[in-house]
Amino acid sequence: MFMENTILYNDKGEVPEGDYIVPLGVADVKRAGTDLTIIAHGRSVILSLKVAEILEKEHKVSVEVVDLRSIRPLDEATILASVRKTHRVLLVEENKPFCGVDAQIAYLIQDQAFDDLDAPIKRVSAIDAPQIYSPPMEKEQMPNPQRILQAALGVLA
């Protein structure tokens with residue numbers, strides 16, 4: 001199954017020339033860091049990268065951003081290696097929090113890397129309410145840079 005985010009339809013970015021294949025089950029470390037790992041997929045990666053820049057400029061925090069790229073198969077090795085490197089993790093996704101992808105990843109981390117954590121795992125997801133169709137309200141329901149930044153600072157405190 002392939003899922004696309006309609007909110008990204010108007011975004012512009014680099015397009016590789018020639019054939020470009022994203023391997024299933026292989027996450028991509030979009031930004032290397034040492035103080036905090038942010039794990040995300042889809043549009044949440046773009047927002048997480050913006051927050052990583054803010055954290056570096058304003059708070060002198062080195063943030064690693066891991067783009068899952070695929071959910072199943074899931075690149076557990078990259079997730080665990082990043083968590084073991086930074087010892088702090090923030091999970092960001094647009095799903096509702098109940099039974100979301102990040103709930104499974106949080107379980108994976110606590111099951112296989114609990115002793116490597118220096119802080120509790122934090123999550124930023126869509127606010128658990130019926131879907132909102134008013135654009136200004138939708139911006140508040142979905143993860144946004146402000147919510148991600150506040151959560152990241154909470155993990156780092």
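Cut-offs and rules
- Residues numbered from 1 in each chain as written.
- Predicted model: local features only at pLDDT ≥ 70, side-chain atom pairs only at ≥ 80, totals over all residues.
- Heavy atoms only, no water.
- Core = buried A, V, L, I, M, F, W, Y, C linked by side-chain atoms within 4.5 Å.
- Buried < 20%, exposed > 50% of the residue type's maximum accessible area, 1.4 Å probe, protein only.
- Contact = heavy atoms within 4.5 Å.
- Axes fitted to C-alpha atoms, helices over the stretch in contact; angles between N-to-C directions.
- Helix = DSSP H or I, 4+ residues; strand = E, 2+ residues; numbered from the N terminus.
- Parallel < 35°, antiparallel > 145°, perpendicular 65-115°, else oblique.
- Left-handed = near helix turned anticlockwise from the far one by under 90°.
- Nonpolar A, V, L, I, M, F, W, Y, C, P; charged D, E, K, R; others polar.
- Pairing = 2+ DSSP bridges.
- Expected span 1.5 Å × (residues − 1).
- Arc of directions from axis to C-beta.
- Lys, Arg positive; Asp, Glu negative; His and termini not counted.
- Salt bridge = Lys/Arg side-chain N within 4 Å of Asp/Glu carboxyl O.
- Polar contact = N/O pair within 3.5 Å; in protein donor to acceptor, adjacent residues only side chain to side chain.

(A) Structural detail: the nonpolar core. Core analysis: the largest hydrophobic core is formed by 20 residues, its most contacted members being L36, L55, V63, L90, V92 and I148. Apart from the residues within four sequence positions on either side, I148 is in contact with L47, S48, V51, L90, V92, V124 and P143. By size, the runner-up hydrophobic cluster in this structure holds 16 residues, among which are A27, V66, L80 and V89.

(B) Layout of the packing of helix 2 (residues 76-86) against helix 3 (residues 101-112). Where helix 2 meets helix 3, the closest approach of the two axes is 11 Å, and the angle between their N-to-C directions is 60°. One way to sum up the angle between helix 2 and helix 3 is to call them oblique. The way helix 2 lies across helix 3 gives a crossing that is right-handed. Facing E76, I79, L80, V83 and R84 of helix 2, the residues of helix 3 in contact are I105, L108, I109 and Q112. Residues that form the contact of helix 2 with helix 3 fall into these classes: six nonpolar, one polar and two charged.

(C) How the structure looks around the sheet that holds strand 3 (residues 63-67). Reading across from one edge, 1-3-2-4-5 is the order of the five strands in this open sheet, with mixed pairing throughout. Since the sheet does not close on itself, it has two edges, and those belong to strand 1 (28-31) and strand 5 (122-124), each with one partner. For this sheet the average axis-to-axis angle between neighbouring strands, irrespective of direction, equals 25°. Note that strand 2 (residues 36-40) and strand 4 (residues 89-92) share four bridges and pair parallel. Paired with I38 across the strands is L90, a residue of strand 4. Packed on one face of the sheet, helix 2 meets strand 1, strand 2, strand 3 and strand 4 and runs near 155° to strand 2. Each of strand 2, strand 4 and strand 5 touches helix 5 (residues 145-156); the most contacted strand, strand 4, lies at about 160° to it.

(D) Layout of the environment of M3. Within the element layout of this structure, M3 appears in the segment before strand 1. Placed 39 residues apart in sequence, M3 and G42 show a C-alpha to C-alpha distance of 8.9 Å.

(E) How the structure looks around helix 5. Between its first and last C-alpha atoms helix 5 spans 16 Å; for twelve residues at 1.5 Å apiece the expected length is 16 Å, and the two agree. Considered for burial, the residues of helix 5 that qualify are I148, L149, A151, A152 and V155. Projection of helix 5 onto a plane perpendicular to its axis shows the buried side chains occupying an angular sector of 165°, all on one side. Within helix 5, the exposed residues directed more than 90 degrees away from the buried face are Q146 and Q150. Turning to helix 5, the residues buried within the fold contact strand 2, helix 1 (43-59), strand 4 and strand 5.

(F) Structural view of the side chain of D102. Considering the arrangement of structural elements, one finds D102 in helix 3. One buried charged residue, D102, remains without a salt bridge, the closest side chain of opposite sign being R123 at 5.0 Å. A polar contact of 3.3 Å, which involves the side chain of D102, links it to the backbone nitrogen of V92. Setting aside residues up to four positions removed in sequence, D102 forms contacts with L91, V92, E93, R123 and V124.

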